[in-house]
Amino acid sequence: MKTLHETFFAMAQKQPSHPALKWREKKEWRTLTYGELAEKVRQCAAALAARGVVHGDRVAILSENQVAWAVFDLAILSLGAITIPIYPSLPPQQVAFIIENSGARGALAGDEKLAAKLPPLGFMVTAGDDFEAFLREGKSAPPPQAVVEEDDVASFIYTSGTTGDPKGAQLTHKNLLTNVRGAREVLSEVGNPLGPSDTWLSFLPLSHVFERMAGHFLPLCYGATIAYSGGIRTLSEDMKTNQPTIMVCVPRVWEAMQERILDGVARADPKKKALFEKTQAVGRAWLAGNRSPILWVQKLVLDRLVGQAARERFGGKFRFWVSGGAALSPEVATFFAALGIEILEGYGMTESAPVITVNRPGRVKIGTVGTVIPGGKIKIAPDGEICYQGDNVMKGYWNNDEATREMIDADGWLHTGDIGVLEANGFLKITDRKKDIIVLANGKNVAPQPIEAALKQSPMIAEIVLIGDKQSIVTALVIPSKEKLKTWAESEGLKFTSEDELYQAPETKKKLKAEIEAHSKALAEFEKIKKFAVLNAHFSIETGELTPTLKVKRKVILQKYATEVAELRGDE
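Definitions and cut-offs
- Residues numbered from 1 in each chain as written.
- Predicted model: local features only at pLDDT ≥ 70, side-chain atom pairs only at ≥ 80, totals over all residues.
- Heavy atoms only, no water.
- Pairing = 2+ DSSP bridges.
- Helix = DSSP H or I, 4+ residues; strand = E, 2+ residues; numbered from the N terminus.
- Axes fitted to C-alpha atoms, helices over the stretch in contact; angles between N-to-C directions.
- Expected span 1.5 Å × (residues − 1).
- Buried < 20%, exposed > 50% of the residue type's maximum accessible area, 1.4 Å probe, protein only.
- Contact = heavy atoms within 4.5 Å.
- Parallel < 35°, antiparallel > 145°, perpendicular 65-115°, else oblique.
- Arc of directions from axis to C-beta.
- 1 Å grid on protein atoms, 1.4 Å probe; cavity = no way out; pocket = protein on both sides within 12 Å on 5 of 7 lines; lining within 4 Å.
- Points joined across faces, edges and corners; volume = space filled by probe spheres on them.

A. Here's a closer look at the sheet that holds strand 23 (residues 461-467). Taking strand neighbours across the sheet as the criterion, the 3 strands line up as 23-24-25 in an open arrangement whose pairing is mixed. If you trace the sheet from one side to the other, it starts and ends with strand 23 and strand 25 (529-534), each paired once. Pairs of neighbouring strands in the sheet enclose a mean axial angle of 30°, with direction left out of account. Pairing analysis gives 6 bridges linking strand 23 to strand 24 (residues 474-480), with the strands arranged antiparallel. In the sheet register, I464 faces strand 24, and the bridge partner there is V478.

Okay, here's the thing in structure tokens:
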């Protein structure tokens, strides 16, 4: 099979009664089989064709994860048209930019509120009753016939746009299928390939290329079941109910899970707390290479007492979790590994559809992003930049040849913009973003991302952004964890009349300074934070500090908090 939709239809023909999609409707979970999903896709394609959609046309999807998303996407592809996924969290002006830039003819909106974000289009369908009526239009229409080739563009995926307007990466059927097949090959355990026995919990938005490939196309092309999570509030319940075997997510989700577990341990009685701490100590010693018989017995007993109970909280049947989209803290990966929960960290980007490297089941090297996927090649440029070649590299940016040439050189190497080290055993280690490297006044280079990740291991620190370009020292903007800060202040008997007063209190700054120092012991002296400002703030997508993939927009933050940054520079 050379295209995404053909691969799906072949699987639907092979196992028409197998569950394809599951979702919660009110309090009940409903199921759509592969045969039923395939029929809805055919009806949707016929209805789209009746609206004039033909090969090469662009059709947008602005929706939360749901059945209509999957149906619309596969129907668009079956016509040889191009899907334009848009994050539901984007403001109307950014939605309008993507619609205009892509030249989208029509769109699916997840609900009326999202429909209101869309500019005028040739047609628009809203999920729900409107979508069901749209499908009925295609019931009596003849099935559309379209010739689609592997090199045809399947989707424009617009980059998050940490600087400037987003660019539309043109991903072909071949790009995405190469990644789907490569990911399945490396994630399948010996004698147990990914397939119909698996259930994937879909949590990240389908507009995220990581979720689109690994949580949408991959399971549907190999006959697995996808269960749509209701979001962060229902995530724990969704995991227990659906008992997923695989889930892909970004590090912030795993960090939140770790924090909830630690909060529960802190409230537990001393005996249970000591048992958990012993489990962590033994698990970490085993991961560090201690294979003594005594430790093996301890690990076995503690896993039954603690590890198994922890895994049951997440459904108890998962094979592994996959992490991507940003750097995963080694501490978070080690914490879960000590509980018998394997997180496979990978690395990639929108322009590579997206996976470039990933850790394999049973072969995880914590602190790295694994080894290259089948058919791909990596080289490290003289300046440390990671460059990649493979059949999953995009065709180019839509209507932006200059940006394409900057990203892909004449020899076909994709320049990632990330700095890394390729170890002798083939494992890739990311050290920082090329553009994020801080160059101090003395010429020393500081990579902020790993330092920020280490400092955020403090339960008192919610966000931290390092500053220091052309400065003599490293400084930072710090956002404390509001609830943890208030709890600490009450335990210390501190009196405050407002949050601002608490955030700027000398005692608060002293406490945060101690937390920063405690988590900076492994840093070189020039990397350590010498001064910081405390912000009573919250970074979010809506307020502009985070991209839709939850990456920090450093330029935006430095502009927004220019006063605090200037004060830090002036204090040198």
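B. Representation of helix 2 (residues 34-50). Under the 1.5 Å per step criterion, the end-to-end length of helix 2 is 24 Å for 17 residues, consistent within 8% with the ideal 24 Å. Within helix 2, burial applies to Y34, L37, A38, K40, V41, Q43, C44, A45, A46, A47 and L48. Once helix 2 ends, the next one or two residues include G52, with phi positive near 95°.

C. Spatial organisation of the sheet that holds strand 15 (residues 371-372). As summarised here, the arrangement of the 9 strands in space is 2-1-10-9-11-12-13-14-15, forming an open sheet in which the pairing is mixed. The outermost strands of the open sheet, each flanked by one partner alone, are strand 2 (28-33) and strand 15. Here 3 bridges tie strand 12 (residues 320-323) to strand 13 (residues 343-348), and the two strands are oriented parallel to one another. In the sheet register, V322 faces strand 13, and the bridge partner there is L344. Its contacts with the sheet put helix 2 on strand 1 (19-25) and strand 2, and the angle it makes with strand 2 is roughly 75°. Helix 8 (residues 209-221) rests against strand 1, strand 9 (199-202), strand 10 (225-228), strand 11 (246-249), strand 12 and strand 14 (355-358) of the sheet, and its axis sits at about 150° to strand 9.

D. How the structure looks around the packing of helix 7 (residues 173-187) against helix 8. Closest axis-to-axis distance for the helix 7/helix 8 pair is 10 Å, and the angle between their directions is 80°. Looking at the two axes, helix 7 sits roughly perpendicular to helix 8. Taken together, the residues of helix 8 that come into contact with helix 7 (itself represented by L176, L177, N179, V180, A183 and R184) are M213, F217, L218 and C221.

E. Molecular detail of helix 6 (residues 129-137). Every buried residue belonging to helix 6 is among F131, F134 and L135, and all of these are buried. Projected down its long axis, helix 6 carries its buried residues within an arc of 100°, all on one side. In helix 6, the exposed residues that point more than 90 degrees away from the buried face are D129 and R136. Looking at the buried side of helix 6, the elements it contacts are helix 2, helix 3 (67-78), strand 5 (106-109) and strand 6 (123-126).

F. Region of the structure containing empty space enclosed by the protein. Following the criterion strictly, the structure yields 2 cavities of 30 Å³ or more and no others. The calculated volume of the largest cavity comes to roughly 100 Å³. Around the largest cavity, the lining is made up of 13 residues, and of these Y87, L90, I98, Y158 and T159 lie nearest the centre. For the lining of the largest cavity, the secondary structure elements donating two or more residues are strand 4 (82-86), helix 4 (92-102) and strand 7 (153-158). In this structure, the second largest cavity encloses a volume near 40 Å³. Taken together, L328, A333, I343, E345, N359, V364, K365, I366, G367 and T368 form the lining of the second largest cavity.

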